[in-house]
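Close look at the chain arrangement
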Amino acid sequence: MGLALNHLQRQVIRLDAKWKNGDYGDDPPVAGLALARKIAMCSYKSAELFSTRFGRNPTATAKIPGRTECSFRCERLSRPSGRKIRPALRYELLSQHHPNHDTFDPIRKYGIRAYERIQARVTLVGISSDWLFPASEVRSLAGELRSCGVDCNYCEIESSHGHDAFLAEPDKLASILASRMSPGNTLG
């Protein structure tokens, strides 16, 4: 799902008339970037959050007589200004070419034994409503790491905030990390 959404985000940036094959100078593809951000924002939330916060409630403009299109309040969630996020080229390039973004997969390259090299204590945190990185997959990864001898702990945050739960409810993540860290250790 994440790979497909990343692809869609890059495509809408590239389809913007201002993209100019990445050579846009001081006139970035703001519309494409804004739409890419909207796609990302939707993937960071859960269906439960959308339903609770917005439901099928129309906006005030939806009640205009003669209007053929109905606008819903959920459309307001993803209104980040593309002008505030100007580096469209970097967004596009990082999402496609950064070696750890779409293509990171040590198992495909080295097999399950890649995990045996991990010496660090690992804490994986799943989020109950995250569909971008489902908790079941994070839990499964923790099991694979433990089966290879890695000191791996799995915790799950119960939240309706989806992938963004660590931002919306930071105390939950802080509590997990604090309980896992021994005195004198830092996150650095």
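Here, residues in each chain are numbered from 1, in the same order as that chain's written sequence. This being a predicted model, a pLDDT of at least 70 is required before a residue's local features are given, and a value of 80 or more before pairs of side-chain atoms are given or counted; all residues contribute to the totals for chains, interfaces and linings. Each side-chain value is worked out from all heavy atoms of the structure, with water and hydrogens disregarded.

A run of H or I in DSSP becomes a helix once it reaches four residues, and a run of E becomes a strand once it reaches two; helices and strands are each numbered from the N terminus. Summing up its helical and strand segments, the chain has 8 helices and 2 strands in all. Going residue by residue from the N terminus, the α and β elements of the chain occur as α-α-α-α-α-β-α-β-α-α. Classification of residues uses two cut-offs on accessible area relative to the type maximum, computed with a 1.4 Å probe and protein chains only: under 20% is buried, over 50% is exposed, and between them is partly exposed. The buried share of the chain, taken over its 188 residues, is 34%. Residue contacts are counted whenever heavy atoms from the two residues lie within 4.5 Å of one another. Counted over contacts in the chain with a minimum sequence separation of 6, partners at least 24 positions apart contribute 64%. Computed with the Shrake-Rupley method and a 1.4 Å probe, the accessible areas treat only the protein chains shown as cover for residues. Of the accessible surface of the chain, which amounts to about 12100 Å², a share of 54% is contributed by carbon and sulfur atoms.

Looking now at the side chain of Asp164. Along the chain, the position of Asp164 falls in the loop between strand 2 (152-157) and helix 7 (165-168). Not counting residues within four places of it along the chain, the set of residues in contact with Asp164 comprises Tyr44 and Lys45.

Moving on: unusual backbone geometry. Here Lys20, not a glycine, exhibits a phi torsion of approximately 50°, which is positive. Tracing the backbone through its elements, the reader meets Lys20 in the loop between helix 1 (2-15) and helix 2 (30-44).

For this analysis, a nonpolar core means a set of buried residues of the types Ala, Val, Leu, Ile, Met, Phe, Trp, Tyr and Cys, connected via side-chain atoms within 4.5 Å. Counting 11 residues, the largest nonpolar core consists of Tyr115, Val122, Leu124, Ala135, Val138, Ala142, Leu145, Cys148, Val150, Cys152 and Tyr154. Those elements that place two or more of their residues in this core are strand 1 (122-127), helix 6 (135-147) and strand 2. The element contributing the most residues to this core is helix 6, with 4 residues. Apart from residues lying up to four places away in sequence, Val138 is in contact with Leu124, Val125, Gly126, Phe133 and Tyr154. Residues Val12, Trp19, Leu33 and Ala36 belong to the second largest nonpolar core, which totals 6 residues.

By convention in these notes, a salt bridge is any Lys or Arg side-chain nitrogen within 4 Å of a carboxyl oxygen on Asp or Glu. Inspection of every chain in the model, using the stated rule, returns 6 salt bridges. A salt bridge links Glu169 to Lys172, with the shortest nitrogen-to-oxygen separation between them at 3.2 Å.

Now for the state of the cysteines. The disulfide definition used here is simple: a pair of cysteine sulfur atoms within 2.5 Å. With the rule as written, the count across this model stands at 0 disulfides. Of the cysteine sulfurs around Cys152, a residue in no disulfide, the closest is that of Cys155, at 9.3 Å.

A few words now on the environment of Ala40. Among the secondary structure elements, Ala40 is positioned in helix 2. Residue Ala40 is classed as buried on the basis of its relative accessible area, which comes to 1%. Through-space distance from the C-alpha of Ala40 to that of Gly2 is 9.5 Å; in sequence the pair is 38 residues apart.

Along any regular strand the residues' side chains alternate between the sheet's two faces. Bridge count between strand 1 and strand 2: 6 bridges; the pairing is parallel. Bridging across to strand 2, Gly126 finds its partner in Glu156. By convention a crossover is right-handed if, when the strands point away from the viewer, the path from the first strand over the helix to the second runs clockwise. In the classification by handedness, the crossover that spans strand 1, the intervening helix 6 and the parallel strand 2 is right-handed. Two strands qualify as a pair provided that DSSP identifies no fewer than 2 bridges between them.

What follows deals with the packing of helix 1 against helix 2. Helices that pack against each other are described as a pair by the angle of their axes relative to one another and the distance between those axes. Between N-to-C directions, angles cover 0 to 180 degrees, with each direction set by a line fitted to C-alpha atoms, over the stretch in contact for helices. For the pair helix 1 and helix 2, interaxial distance at closest approach is 7 Å and the crossing angle is 160°. As the angle between them shows, helix 1 and helix 2 are arranged roughly antiparallel. You can see that helix 1 and helix 2 cross each other, and the crossing is right-handed. Across the interface between the two elements, Leu5, Leu8, Gln9, Val12 and Ile13 from helix 1 touch Gly32, Leu33, Leu35, Ala36, Ile39, Ala40 and Ser43 from helix 2. Among the residues making up the contact of helix 1 with helix 2, the classes are represented as 9 nonpolar, 3 polar and no charged. Any angle that falls under 35 degrees is termed roughly parallel, while one over 145 is termed roughly antiparallel, one within 65 to 115 roughly perpendicular, and all others oblique. Each crossing gets its handedness from the near helix: less than a right angle anticlockwise from the far helix is left-handed, clockwise is right-handed. Charged residues are taken to be Asp, Glu, Lys and Arg, nonpolar residues to be Ala, Val, Leu, Ile, Met, Phe, Trp, Tyr, Cys and Pro, and polar residues to be all remaining types, Gly included.

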